[in-house]
Amino acid sequence: MPFAEINGTSIHYLDDGRDHPTFVFSNSLGTDVRLWSKLRAFLPNGIRVICYDKRGHGRSAAPKGPYTDADLATDAAALLDLLGVKDCIFVGLSIGGQTAINLAADRPDIVRSAVLSNTAVKLGNPEMWQSRIDAVLTDGIESIADSVMEKWFSTRFRDRRPDEVLEWRTVLTETSEAGYVGCCDALKTADLGDKLKRICRPVLVIAGAEDGAAPLSIVKDTAARIAGAEFMEIAEVGHLPPIEKPEIFAKAISVFATRNVSF
């Protein structure tokens, strides 16, 4: 269970394999490295896979906030520099997708291509995020958990897989309150429109047709603002397609990678 001391905090990560190419996965708000567990069986053999818990999540430390999107991107870049990663396929979901935007714009030496899943240049608005912060600080993450599950998962998945929904509800409620609020602050202030103009790497943008956290329209608009970006909509999924439809998600990112990186 490796940890890296980065930017004054401890970041937990998993590093599986040493062959080229390297896939790096950055998780969403309120989840951890387990978000990507189902994908592994559907990814190409022999590749290197790196997953990490962003600050305040999973087994990573939760330094005092507020955090910014720049903090999260700097953490990711420092970890990948430490691990000697170059020319990776960086896959980020939601707030992890905003990290992918930052790195694709600022660190093209690290990012050979990027997958922006269920994300946008701006998610929600400052008032919405402050309301969530206030709720968590007053009544805990438990108080928002049911509404978050409705945003994360499609109606079909919630009806057919209540066991998995409960598992992810538990992951959410076990997230560090300080870390969750710190990342809400990052989402409250992030607006990455200018970064899109600087991206010169291949980009695939993925949206969930029933995403209640990053609605299809804003994800599609983000894709349209990136020169040459590909766009894919996955039907009957919410905010977490790697959980609801891991095989389709894995195939999409693998096919995209083979067009842009030599295996």
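The structure this text deals with has already been given above.
Computed from a predicted model, the values in this text were never measured in an experiment.

**Examining the overall build of the chain**
Next, step 1: Of the regular secondary structure elements, the chain holds 11 helices and eight strands.
Next, step 2: Structurally, the chain occupies a C-alpha span of about 50 × 40 × 35 Å along its principal axes.
Next, step 3: Considering the chain as a whole, with its 263 residues, one finds that 55% of them fall into the buried category.
Next, step 4: A sequence separation of at least 24 residues applies to 77% of the contacts in the chain between residues at least 6 apart.
Next, step 5: With the model as given, the accessible surface of the chain reaches about 10,600 Å², and the carbon-plus-sulfur share is 50%.
Next, step 6: Distance from the positive charge centre (30 side chains) to the negative charge centre (36 side chains) of the chain: 4 Å.

**Observations regarding the pattern of salt bridges**
Note on pairing: side chains with opposite charge can pair once their charged atoms come close.
Next, step 1: Counted according to the given criterion, the structure contains 19 salt bridges.
Next, step 2: Its salt-bridge partner being R169, residue D146 comes within 2.8 Å of it at the nearest N-O pair. Of the two residues, D146 sits in helix α4 (residues 145-152) while R169 sits in helix α6 (residues 162-173), which places them 23 residues apart along the sequence.
Next, step 3: For R169, a relative accessible area of 17% gives the class buried.
Next, step 4: Of the charged contacts in the structure, one is a salt bridge between K188 and D185, with a shortest N-O distance of 3.5 Å. Within this pair, K188 and its partner D185 are both found in helix α7 (residues 177-189), separated by three residues, close to a single helical turn. Taken as a pair, K188 and D185 share a single burial class, namely buried.
Next, step 5: Here the residues in one salt-bridge network are K38, R161, D163 and E164, joined through shared partners.

**Quick word on unusual backbone geometry**
Next, step 1: Going from G65 to P66, the amide bond is cis rather than trans, its omega being 0 degrees.
Next, step 2: Note on placement: P66 falls in the loop between β4 (48-52) and α1 (69-82).
Next, step 3: Even without being glycine, S94 reaches a positive phi, approximately 60 degrees.
Next, step 4: Looking at the secondary structure, you find S94 in the loop between β5 (88-93) and α2 (95-106).

**Describing the side chain of K188**
Next, step 1: For K188, a relative accessible area of 19% translates into the label buried.
Next, step 2: Excluding residues within four positions of it along the chain, K188 makes contact with K122, P126, W129 and Q130.

**A few points about the packing of aromatic side chains**
Next, step 1: Counted according to the given criterion, the structure contains five aromatic pairs.
Next, step 2: Pairing W36 with F249 gives two aromatic rings, centres 6.4 Å apart and planes at 40 degrees, and the pair type is tilted. Taken as a pair, W36 in the loop between β3 (22-26) and β4 and F249 in helix α11 (residues 246-260) lie far apart in primary sequence, 213 residues in all.
Next, step 3: For the pair F153 and F157, a centre-to-centre distance of 5.1 Å together with 25 degrees between the ring planes defines the contact as stacked.
Next, step 4: Three or more aromatic residues joined by ring pairs make a cluster, and in this case those are F23, F25, W36 and F249.
Next, step 5: Lying across the ring of Y67, R55 places its NZ or CZ 5.2 Å from the centre.

**A short note on α11**
Next, step 1: Look at α11: 21 Å from first C-alpha to last across 15 residues, which is about the 21 Å you get at 1.5 Å a residue.
Next, step 2: Here α11 has its buried residues at P246, F249, A250, A252, I253, S254, F256, A257 and N260.
Next, step 3: Buried positions along α11 lie against β3, β5, β6 (111-117), β7 (203-208), β8 (230-234) and α10 (241-244).

**With respect to the sheet that holds strand β1 (residues 3-6)**
Next, step 1: Read across the open sheet, the eight strands follow the order β1-β2-β4-β3-β5-β6-β7-β8; overall the sheet is mixed. This sheet does not close on itself; its edge strands, each paired only once, are β1 and β8. Within the sheet, the average angular offset between the axes of one strand and its neighbour, ignoring direction, is 20 degrees.
Next, step 2: Both β5 and β6 contribute to a ladder of six bridges, which runs parallel. Bridging from a neighbouring strand, C88 pairs with V111 of β6.

**What about the packing of helix α3 (residues 126-139) against α7?**
Next, step 1: One can describe the packing of α3 onto α7 by two numbers: an axis separation of 9 Å at closest approach and a directional angle of 170 degrees. Considering their axes alone, α3 and α7 lie roughly antiparallel with respect to each other. Of α7, the residues touching α3 (which contributes P126, W129, Q130, R132, I133, V136 and L137) are E177, Y180, V181, C184, D185, L187 and K188.
Next, step 2: Grouping the constituent residues of the contact of α3 with α7 by class yields nine nonpolar, one polar and four charged.

Thresholds applied
- Residues numbered from 1 in each chain as written.
- Predicted model: local features only at pLDDT ≥ 70, side-chain atom pairs only at ≥ 80, totals over all residues.
- Heavy atoms only, no water.
- Helix = DSSP H or I, 4+ residues; strand = E, 2+ residues; numbered from the N terminus.
- Buried < 20%, exposed > 50% of the residue type's maximum accessible area, 1.4 Å probe, protein only.
- Contact = heavy atoms within 4.5 Å.
- Areas by Shrake-Rupley, 256 points an atom, 1.4 Å probe, with all protein chains shown as cover.
- Lys, Arg positive; Asp, Glu negative; His and termini not counted.
- Charge placed at Lys NZ, Arg CZ, Asp CG, Glu CD.
- Salt bridge = Lys/Arg side-chain N within 4 Å of Asp/Glu carboxyl O.
- Phe/Tyr/Trp six-rings, centres within 6.5 Å; stacked < 30°, edge-to-face > 60°.
- Lys NZ or Arg CZ within 6 Å of the ring centre and 35° of its normal.
- Expected span 1.5 Å × (residues − 1).
- Pairing = 2+ DSSP bridges.
- Axes fitted to C-alpha atoms, helices over the stretch in contact; angles between N-to-C directions.
- Parallel < 35°, antiparallel > 145°, perpendicular 65-115°, else oblique.
- Nonpolar A, V, L, I, M, F, W, Y, C, P; charged D, E, K, R; others polar.

These values are about where atoms sit, not about what they do.
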